[in-house]
Each structure stands twice: as C-alpha cells, then as structure tokens.
Amino acid sequence: MPQAAPRFEATHLALPAIGWLLGLLTLQQCARLPDAAEYAAGLLLACFVAAVTCYCLRAKAITVATLCLTLNIALLAFAQAAWRAEQRLSERLPEAWEGREVLVLGHVSNLPSATQGMFGAPGWRFEFELEQAFAGASRQDPALALPRRLALAWYAQSEDAAAPPLRAGERWQLLLRLKRPHGLLNPHAFDFEFWMFEQGQRASGVVRPGAELRLAQAPWWSLHALRSDLREALQRRVHDPAIAGMLAALSLGDQAAISKSDWALFRVTGVSHLLSVSGLHVTMFAFAARGLVGWLWRRNARLCLRWPAPNIARWAGVLAALAYALFSGWGVPAQRTVWMLVTLALLRSLGLRWPWPLCLLFSALTVTLIDPWAVGQAGFWLSFVAVGLLMASGDEQARLLGWRAHLGAGLRSQWIATCGLAPLSLLFFQQISLVGLLANLLAIPLVSFVITPLAMLGAVVPLLWHLAAWAAQLLMAYLHWLASWPMAVWTVPVAPIWAQALGLLGGVLLVLPLPWRVRVLGLAYLLPMLWPAPARPPAGEFEFLAVDIGQGTAVVVQTAEHSLLYDSGPAYGPGADAGQRVLLPLLFASGVTRLDLLMLSHRDSDHTGGAASVLAGMAVEALSSSLEAAHPLLQGPTPQQRCAAGQSWLWDGVRFEVLHPQSADYQMPLKSNAMSCVLRLTSASGHSALLTGDLEAPQELALIQRSTGGALRSEVLLVPHHGSKTSSTEAFLDAVAPRWAFVQAGYRNRFGHPAPGILARYQARDIGVLSSAECGAWRWRSGQAQGQCQREQFRRYWHWRPEAQALLQGPWPGLTAPESLQEATEFIDSLSLAQ
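Attention here is on the structure that accompanies the text.

What counts and what doesn't
Residues numbered from 1 in each chain as written. Predicted model: local features only at pLDDT ≥ 70, side-chain atom pairs only at ≥ 80, totals over all residues. Heavy atoms only, no water. Pairing = 2+ DSSP bridges. Helix = DSSP H or I, 4+ residues; strand = E, 2+ residues; numbered from the N terminus. Axes fitted to C-alpha atoms, helices over the stretch in contact; angles between N-to-C directions. Contact = heavy atoms within 4.5 Å. Expected span 1.5 Å × (residues − 1). Buried < 20%, exposed > 50% of the residue type's maximum accessible area, 1.4 Å probe, protein only. Disulfide = S-S within 2.5 Å. Core = buried A, V, L, I, M, F, W, Y, C linked by side-chain atoms within 4.5 Å. Salt bridge = Lys/Arg side-chain N within 4 Å of Asp/Glu carboxyl O. 1 Å grid on protein atoms, 1.4 Å probe; cavity = no way out; pocket = protein on both sides within 12 Å on 5 of 7 lines; lining within 4 Å. Points joined across faces, edges and corners; volume = space filled by probe spheres on them. Nonpolar A, V, L, I, M, F, W, Y, C, P; charged D, E, K, R; others polar.

**Digging into the pairing of strand 6 (residues 204–216)**
- Looking at chain direction, strand 4 (residues 149–155) and strand 6 are connected through three bridges and run parallel. When the bridges of strand 6 are listed, Ala153 appears paired with Val206.
- Strand direction decides the pairing type here: strand 5 (residues 171–179) and strand 6, joined by eight bridges, are antiparallel. The partner of Trp172 across the bridge, within strand 6, is Arg214.

**Observations concerning the sheet that holds strand 25 (residues 768–771)**
- Here we have seven strands laid out as an open sheet, ordered 19-20-21-22-23-24-25, and mixed in their pairing. Looking at the sheet topology across the chains shown, the edges are occupied by strand 19 (648–651) and strand 25. Strand after strand, the sheet turns through a mean of 20° between neighbouring axes, direction not considered.
- In the packing of helix 22 (residues 697–706) onto the sheet, contacts are made with strand 20 (654–660) and strand 21 (678–682), and the angle to strand 20 comes to roughly 120°.

**What about helix 11 (residues 332–349)?**
- Here helix 11 is 18 residues long and its end C-alpha atoms lie 26 Å apart, about the 26 Å a rise of 1.5 Å per residue gives.
- Buried within helix 11 we find Val332, Ala334, Arg336, Thr337, Val338, Met340, Leu341, Thr343, Ala345 and Leu347.
- Gly351 occupies a position one or two residues after helix 11 and carries a positive phi of about 80°.

**With respect to the sheet that holds strand 18 (residues 640–642)**
- The strand order 18-17-15-11-10-9-26-27 describes an open sheet built from eight strands, whose pairing is mixed. The sheet is open, and its two edges are formed by strand 18 and strand 27 (788–789), each paired on a single side.
- Where strand 17 (residues 623–625) lies against strand 18, three bridges are found, and the strand directions are parallel. Across the sheet, Ser625 pairs through a bridge with Arg642, a residue of strand 18.

**A few points about the state of the cysteines**
- Scanning the entire structure with this criterion turns up two disulfides.
- Paired through a disulfide, Cys775 and Cys789 show a sulfur-sulfur distance of 2.0 Å. In this structure the cystine formed by Cys775 and Cys789 twists about its S-S bond by roughly -110°; its chirality is therefore left-handed. Taken as a pair, Cys775 in helix 25 (residues 772–775) and Cys789 in strand 27 lie far apart in primary sequence, 14 residues in all.
- When the cysteines of the chain that form disulfides are numbered from the N-terminus onward, they connect as 1-2, 3-4.

**Some details on the nonpolar core**
- Counting 41 residues, the largest nonpolar core has Val238, Leu247, Phe266, Val271, Leu275 and Ile451 as its most contacted members.
- Mapped by element, the contributors of at least two residues to this core are helix 5 (223–237), helix 6 (241–252), helix 7 (260–269), helix 15 (436–457) and helix 16 (464–483).
- If you tally residues by element for this core, the top one is helix 16, at 10 residues.
- Counting 31 residues, the second-largest nonpolar core is a separate cluster that includes Phe656, Val658, Trp778 and Trp780.

**Points about the pattern of salt bridges**
- For the coordinates displayed, the defined rule picks out 23 salt bridges.
- Across the salt bridge formed by Arg180 and Glu95, the nearest N and O atoms sit 3.3 Å from each other. Pair noted here: Arg180 is in the loop between strand 5 and helix 4 (192–199) and Glu95 is in the loop between helix 3 (62–90) and strand 1 (101–108), with a separation of 85 residues, a long-range link.
- Classification of Glu95 by relative accessible area gives partly exposed; the value is 40%.
- With a shortest N-O distance of 3.9 Å, Arg655 and Glu657 are connected by a salt bridge.
- Several salt bridges share partner residues, and in doing so they unite Glu95, Glu98 and Arg180 into one network.

**Describing the layout of surface pockets**
- Its volume calculated, the second largest pocket comes out at about 320 Å³.
- Along its surface, the second largest pocket is lined by 16 residues, and Leu89, Arg92, Arg202, His799 and Arg801 are the ones closest to its centre.
- When grouped by side-chain class, the residues that make up the lining of the second largest pocket number eight nonpolar, one polar and seven charged.

Without other data, these values stay purely geometric and don't point to any function.
Have a look at this one:
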C-alpha cells in the first residue's frame, strides 16, 4: 500500500512567512550592508540548508523541513533587501556637490505644502522628480548625475512677499543648493534619515533665486492638476484653515495641511490614525464599493450566472481602493492597504480558505516584498495588528441578531483594538491616550461615514464641503473638551527590551478569548512597561547629555534625584523650536517629568529658542539666566534668579558652581555672548565638566585670572561659542585641559562652525573633539572612560557617515556669509527636521 502524502498544516505555511519578516527585521538592525564574502557565505549556508530540506521532505519529516525552509526564506529576505538597499544607497549626491549650485529640470511630483522660513518668509515644501541636471547655473554647463527624487524647499524673498506660485505636476527649471540626507539623532527620537531613505529621497535642498522658469503646466486631464484644483476650490469654500486642512487631508491625502497644534490634539485624544488617508479609510472605501457593486450586480441574473457577484464585487472593491489611494497621493499607508486587499482578494478568488491570521501574514509578506523597509515603520505594525485584532474580535452572529447586537459587537471590537494596541503605542510613542476610547467612539463613525464621504463627494457637489466642515467643527469641539481633562494622556519613559517583550505578550493575552485568570496574568506582564524605572546615575555622580539640536546649545544634566537643562536650543521657524520637537520628547522618554533648574546662558535665540515650549510643557522649579528683566521668558510664574559667579549648590553629592558672569557685569553694556552663564559640575569622585555658553576670548581671559589652583580643570568641555574663531583661546584650553571637547553645531551650518584654526588648537593639545553633526547626541557619565555617540552606538546602514579623512572639517565648499533673507532661511533646512 503506498504511503499517504505528508499533510501540510497552516503552521507549515506561516513559519516561512514569519521567517521572511524576521530576515527583513534582522537587516534593519545592521550597521552596514554585507560585503561580497558575506554574501558568498550566506549562499553556501542556503545551499546546505536546501539540501537538508530536500532530505527531510524525502524522509517525510515535515516539521524539520519547514524549519529549514523558514531559515532559507529568512536568508533570501535578508539578501534581496540588502541588495535593494545597495541600489538605493548608490543613488547619492556626490560629496563634492554638497552646498554648490546646480541647475535642474524636472516636475513637482506631489502637492506642495505651505511652510514658513526662519524669519517668517512664506514658502513651499515639495518633492521634485529630476529629469536633467547641470553642473552650474546654465544649461550649457556639463550634465551632472544626481538622485532622481529630491526633497526641496522654496521660500519667498522677504517676509512680506508672496510664496512662489507652485502646483503639482508642473515642469520647472530651478537653481538648487543640495545636501545629502542628514537629520538630528537623539535617544528614542524619530529617525529622519530612515524616513528619507524609505521615501527614496536621496538629497534635499533649497531653491535659489534667479533661474526659476516654469517650463510647462500640469496637463488639465492629469491627476496632479485635478488634485491641485480641488485643494484650491476647497480652500476657497471652507474659510477656516484648520477645518479646510482636515478635509484636504481626508480627501486628498494632504496631511501637511493639518497644523502642528491640531496634530498634537489628535495625538492626545488618540485619533491621529483617523485624520490621514490610512488603511481604515482605504478599506472603508473598498468595502463600500464592494457592497454597491455587489448589490447592482445581483439585479441581473444573467450577469450573476456568467460571473459570480461575490468575485466581481471583491475585485471592484480592490479597484476602488486603488483609485482612492492614487487620488489621495499614493501615500505609504494607503499603498500597504491596497496590497493587503489585493492579496486577500486573490486568496479568496483562488478558493483558499485559510485562517485569518495566515491571510494577514501573507498580506504582510506581499507588502514587504514591494517595500522591504516597511517593517521599520510603526504604521506597518499598527495597521496589521489593528486589522488582526478586529478580525479576531469579529462576531458573525451579531449581524443576524439586529442593530443592538451589532452595536454591542462594534463596541467590543473598539475596546479590544484599544487594549490590544496600547502596548504598541507605548513601544513606539511612549504614551497612551486615556480618553482615546471615548474619542474614537464618536470619531470613528463621524470621520469614516460622514466627514470623509462628504469631503470626497464635495469634489462633485461643492456644497457638501460645508456639511463636512460643520461635522468637522463638531468633532474638533468634542476633542478639545476631552483633551482638557486632567490625565488625558498617559506618558511613560522608554522601557527596557525585556519589559517591552513582556508588555507585548501581556497585550496578546488580554485580547485573546482566554479565561480571566490568564488575562489577569497578561495585565501583570504589562506592569513593567507601564511603570518602568529609568536608569539614573548613582549618588555622587552625574550624567551629561549634549543633545543634537542643530545650530544651538542644549545639555541635559542628571544626578540621582535631580535634573537640569542648560540652554534650550534654537527656534527653527514660526511655531517650531527645539523645545517642542526635541527636548520635551527626549526628557519624557528619559523619565524626566520635572526640571529642578532651567539655566539659560544668555539671550541669543540659538540658546533660548526652545525655552518657552519647555516652560509650557513641563514643570520647571526654577529658572536661572543672564536675561534682562524685561525679557518675555522672565514674565512667567517660574521662580527666577540671575546667574552670577559664586553661586553654588550640592545635588546628591554633585557640586554645581557658577563661574561667570560677575554681579558687576550686569551694570556694564556688554554684548549677550559676554554675559554667558558658565557652569562647572564636579562629582563626588572628582570628575568634572564645564559648560561655557558663547563665552568669548576677553571673558575667557578674565575667568582664568579669577580662577586659581586648577579651578577650571575639567574632563569635558562644551566648546565655547560652537567652535567660533572668537573663543577657545590657547590660554583657556591650557587652563581647562579637557580630555574631551564637544561642539554643538548644525550640519553644514552657514557660520562655518567649528573653525579649522580652532580645531587645530584642540588637536595640538591632544584633546578629543566631537561634534553633534557627526556624533549626534553625546552621553557621558562621570567616571566613565568614554562617552557614547548616538550615531556610533545605534548606527544603521542608511545613516549619514562622516568623511573618511577627518571627523570634523571647517567651512564647507560653496558656503559664504549669508547675503539675504533667502539665504538665512536655509538654516532651517540645515537641520533636516521632520515632524
């Protein structure tokens, strides 16, 4: 009797798909891509594993064969993603052309988003699809190979001028100044360079005046022209910019039209996933189209006999989802959803009645086959986990028992989704909206079934935009009311890896249909993630964290029980500053919920630009500064004092001393740099650090003369005035004799900081010099042999790398002193920030 064929279970299909995802995740943790020898070694391993798989199949050892196949699939996923990453990284801006002017021809490939420059000049941010590039300011110059997709900004010439006219789909000739992708790199922060890498934007830049020329408008029949016309019509009809922005985001995918303050409101109330063209909206559109087409198709018996209504309706829904995703800008979340729906529809059409987890898993495989870097985005995991939770909680019987049962099933699904996504929200964002369930109870039906359909139908009947605006105003009022509740959002520090793993397991146990005693165990697993204990220095020691905030200064100092912020970084532009974008998220993620002291060294905006946001967003016990009494930052309720030489205090065994300015200096007409508060920290074990603000040469000399017996000596020196030529005199460096010196300066900053001559002084004394542009944030604990650069400790293969010949360089080719407001606004783009 012949032996029965081996039986394949769902597990035998699921494991290889899981192996694929694990292979991609492994690549995301790599600091570099594999070399030829490593590719060869992987190929040999894959051949050996394939041979073992064939042997196991012949021996009918299906489980072992499945495990071997899973390993090979993981190797394949890793190798193909690494090869594709090499292709993308090879499309780079030549280093020699950073900061130099190039003439380009191409077209605007997305809806431009309105923005403002550093001094309030209006402008646009947009994506540019390159066609030709020339090595100079004329088409007669030699052709130049540049990345195909560019992220650009274009500002008006002055604050009072109008933004340049720009629409999606237009062909332009532009004169650009470009740079490679480079973003701020801080602990637990958004990775801008990965976002640029996944988007395929391999350079960013600013449009320079003088050579702009519109070559052709978008064809009237093109999708670009239609989307631009609709956005302009919507803005004319709906006069409230906030409401118009919400409707544009839901119907056209223009998420930049929503203001930063409104995004903050949506995050606090837990509805931000609804206010973009996400998987929810695309799926809703697909289901609606499927239902409509299926209902119409069943009206004709002859059509149903020829082509079954379920199949036609299913693929009609997929096509509708594809059309909506294209119309709304073909954003990454919409793309993922379309490919997921295509996969599910194909499996059903092939007659494969797989369990829903297996269908969802293969949908994820399809998405990552198209975009292997999706696994590095929080939205990928949130989307698939949310769909999985809704599938798991679905109650088929409720559809047959009336509207009450249907409503109850909907509430239960919402509760399960909220609880199930809570651990992922903590993992990715370190916060949970405690009012999110109440907010979504109204927001989900209102946005999904009222506001979004009306916003889309307004393209045909513009009067419907007014109804959508009224519903949106109702929703905004409700959200503002919820956000005003005390403890509307729960924010926690970043938990250690083991606590994150336990928390995810706890979330799974809570939502599965298990006995309550098992679910209570899941709640216990969540506790370490809900109340993590952040690491603090031991008594008598301190931690020094120089934050990567671009061109400016901000240093966080922690002792065992106290926290101090020295300076607050720059203002990046109207409504955006280092306090809001960098410092508050960093402090909360580090477990700092209260500052014992905020010290602002002097009044310059690159040191005080983020202070208002810090004071508004966090409890600050005291403010010390050299600011004049009438300064706006001193008009609040926070207790204040002038910093003055001779002030000192002891926190947890660590001594803090103010060395400059002297009290008499406040009576003298000194410029702001000369009034910089100088702070020295000394641990109980004798290790020290010196923070100097923008101290200049005369004040350095005066400080040396007042200090005796090595009072200035410190292991770590925050380089005065960002490495400017006005500071770091030889006598000062000899008096401090630091082991390390850290420069807080922006990448390719327009001031040329740090100056080459100043670096030579440090190098001549064998002082290790680090810069935030090359190092990212730098963390040092008193007593440690070495500090830690964020870029080195958490390097990934897509990250910017410094020049091989030197860690630091002086002024960059092509950069001169700013000549106009246009050139000054480029400072914002040198920071490479993204919300």
